[in-house]
Amino acid sequence: MKGKVTLVGAGPGDPGLLTVKGLQALRRAEVVVYDRLVSPAVLELIPDSARRIDVGKEASRHPVPQDRINQILLEEAQAGCNVVRLKGGDPFVFGRGGEELQVLAQAGAAFEEVPGVTSAIAAAAYGGIPVTHRGFASSLHMITGHAREGEPLRIDFEALVRTGGTLVFLMGVTAMPAIVSGLLEAGMDGKTPAAMVESGTLPGQRRCDAVLETLPQRAAEMGIRSPALIIVGGVCALAPELCWFERLPLRGKRILVTRPKDRAGTLSGKLRELGADVVEFPCIRTEAISPCPAMADALGRLPAYEWLGFTSAAGVEAFWTCLRGMGKDARALGGVKLAAIGPATGKALEVHGLTADLIPEAYNAACMGEALANAAEGKILLLRAEEGSPALTDALKTAGIAFDDIPVYRTICDNPRSAELREELEAGQFDYVTFTSASTVRGFVSAVGADADFGRFTGLCIGEQTAGEAKKHGIAVRVAKKAAIDALVELAESN
Ligand code: SAH
């Protein structure tokens with residue numbers, strides 16, 4: 001396939017503000033070249049299979065020069081790669097996106113551009129400032145506040161003041177006092193509402209409310225730093241009324257989500273929607289045991305079983321892959337009944353057009369064992385993790401039900417960011433850590449180190465078994481009323 005560069009606007013930080021088209025491009029990417037302003041939450045959406053090139057910083061901490069970036073893009077495209085060039089906000093709003101595309105155009109390389117949500121509008125919006133508003137502003141102006149080193153700002157302040165519109169300055173934190181005096185000298189009223197929004201749309205967003213003449217002092221008091229917008233105009237007065245983002249229930253809460261990467265999406269998404277600063281840390285990943293002769297053998301004799309039991313989506317996937325690998329499909333199941341430990345496992349079955357005949361009332365191994373013991377007359381096939389909970393098989397043994405318990409996948413903990421995480425946890429930088437199974441607790445503890453200080457955060461646990469495992473390591477816990485993601489989210493909200 002011929003190489004191509006897709007220039008994608010990553011939005012201002014909140015991953016929800018990446019466009020659908022941008023996300024699609026990212027999912028197909030083989031190489032992703034990104035800047036400093038692209039938020040970690042957006043970087044998490046880069047597929048594991050893609051090569052990442054960070055041009056925002058180098059070993060020497062100097063950004064990669066623009067010429068070199070242009071060259072990297074061209075080389076990767078010419079090597080036949082599907083390249084995504086990811087830029088903060090919109091690539092063409094003070095992003096040098098046009099320059100990068102010109103280089104590609106002149107070399108005859110293929111390219112596309114996916115516009116992004118610019119921080120100039122979105123960071124203001126998350127700060128409660130609509131950039132235009134009837135009666136306040138009939139035009140909007142985006143201005144760069146960046147001056148070349150040692151040179152004065154080249155801004156026509158008189159012209160800006162005459163427009164009477166909303167003024168949004170980007171890259172203006174350093175030059176802010178000079179911008180304010182420029183506007184005042186050009187005749188703007190010192191009482192004009194003005195604001196700064198720092199790290200807009202991100203969990204750490206801060207807003208500084210002022211009027212033009214007090215802005216430098218207010219911003220200095222708050223220590224406002226880049227990236228930040230300077231917004232000048234009547235619309236700034238609306239912020240206290242409209243600042244919805246700052247009022248979200250989980251604002252200011254930093255939460256570590258420990259679920260396996262492919263399944264962290266819903267939990268993290270829900271917590272983020274409520275304003276939490278979510279850090280995803282997949283402590284464990286699952287790996288199908290492959291080849292798995294024991295499973296293949298059992299699947300060859302499926303009619304011998306009355307029930308087939310699954311305790312996780314990973315088990316369902318391992319089963320399905322094995323079945324397909326044997327050249328069979330869902331018809332092989334015939335009259336075999338299906339049991340799933342909970343709704344997520346049930347959903348994993350549904351993806352393959354299968355409906356669970358049994359989901360226990362409480363979503364845990366002991367309950368599933370009891371429910372199966374009550375329902376079963378014939379033999380049961382369990383396709384589970386290598387270290388599956390004995391609570392399930394104990395219940396079956398007690399009831400005298402015949403079963404085969406076959407390990408079809410294993411959990412592995414090998415996250416390379418563990419040392420970093422330990423430091424942050426011990427420094428009290430997390431309010432909560434979520435645990436969705438006892439094995440995630442074990443994975444987390446072994447990733448961080450069993451001798452770490454687990455006393456500085458609260459574990460949000462999906463059930464009693466999970467909580468029991470967490471308590472063993474001295475973790476303070478809250479236990480969800482139901483073993484479901486929404487109940488876990490509620491725990492974070494309760495004070
Ligand atoms: N192409 C980007 C802008 C790049 S210039 C866009 O469309 O958003 C970099 C400037 O953008 C920063 O100096 C800052 O003024 C602004 N900026 C970028 N992200 C921001 C954010 N999350 N909050 C506030 N300002 C931001």
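It should be emphasised that the depicted structure is a prediction, and the values quoted were computed from it without experimental measurement.

> Quick rundown of the sheet that holds strand β7 (residues 166-170)? Include the residues and the values.
Taking strand neighbours across the sheet as the criterion, the five strands line up as β6-β7-β10-β8-β9 in an open arrangement whose pairing is mixed. A strand with exactly one partner marks an edge of an open sheet, and here the two such strands are β6 (140-144) and β9 (206-211). Across the sheet, the mean angle from the axis of one strand to that of its neighbour is 20°, orientation sign disregarded. Where strand β8 (residues 193-198) meets strand β10 (residues 228-232), five bridges bridge the pair, whose relative direction is antiparallel.

> Give a description of the packing of aromatic side chains that names residues and reports values.
Within the structure shown, the criterion is met by nine aromatic pairs. Between the aromatic rings of Y126 and W244, the centroid separation amounts to 4.7 Å while the plane-to-plane angle is 65°, which identifies the pairing as edge-to-face. With Y126 in helix α5 (residues 119-126) and W244 in the loop between α9 (239-242) and β11 (254-257), the pair connects residues that are 118 residues apart, well separated along the chain. Judged by relative accessible area, W244 falls into the partly exposed class, the value being 39%. Here a set of aromatic residues connected by ring pairs shows up, and it is made of F435, F444, F454 and F457. Geometry around F430 places R254 over its ring, the cationic atom sitting 4.3 Å from the centre.

> Now, about the site of the ligand: what can you tell me, with residues and values included?
The immediate surroundings of the ligand are formed by 18 residues, with V93, T118, S119, G200 and A228 found nearest. Here P12 contributes a backbone N or O atom positioned 3.1 Å from a nitrogen atom of the ligand. Calculation on the ligand without its partners gives an accessible area of 540 Å², and the protein chains cover 93% of this total. Those elements that provide at least two residues to the shell around the ligand are α5 and β10. Residue composition of the shell around the ligand, by class: eleven nonpolar, six polar and one charged. When we break the shell around the ligand down by domain, the ones giving at least three residues each are domain 1 (4-117) and domain 2 (121-247).

Thresholds, definitions, all that
Residues numbered from 1 in each chain as written. Predicted model: local features only at pLDDT ≥ 70, side-chain atom pairs only at ≥ 80, totals over all residues. Heavy atoms only, no water. Pairing = 2+ DSSP bridges. Helix = DSSP H or I, 4+ residues; strand = E, 2+ residues; numbered from the N terminus. Axes fitted to C-alpha atoms, helices over the stretch in contact; angles between N-to-C directions. Phe/Tyr/Trp six-rings, centres within 6.5 Å; stacked < 30°, edge-to-face > 60°. Buried < 20%, exposed > 50% of the residue type's maximum accessible area, 1.4 Å probe, protein only. Lys NZ or Arg CZ within 6 Å of the ring centre and 35° of its normal. Near = heavy atom within 4 Å. Polar contact = N/O pair within 3.5 Å; in protein donor to acceptor, adjacent residues only side chain to side chain. Areas by Shrake-Rupley, 256 points an atom, 1.4 Å probe, with all protein chains shown as cover. Nonpolar A, V, L, I, M, F, W, Y, C, P; charged D, E, K, R; others polar. Domains from an automatic or database assignment.

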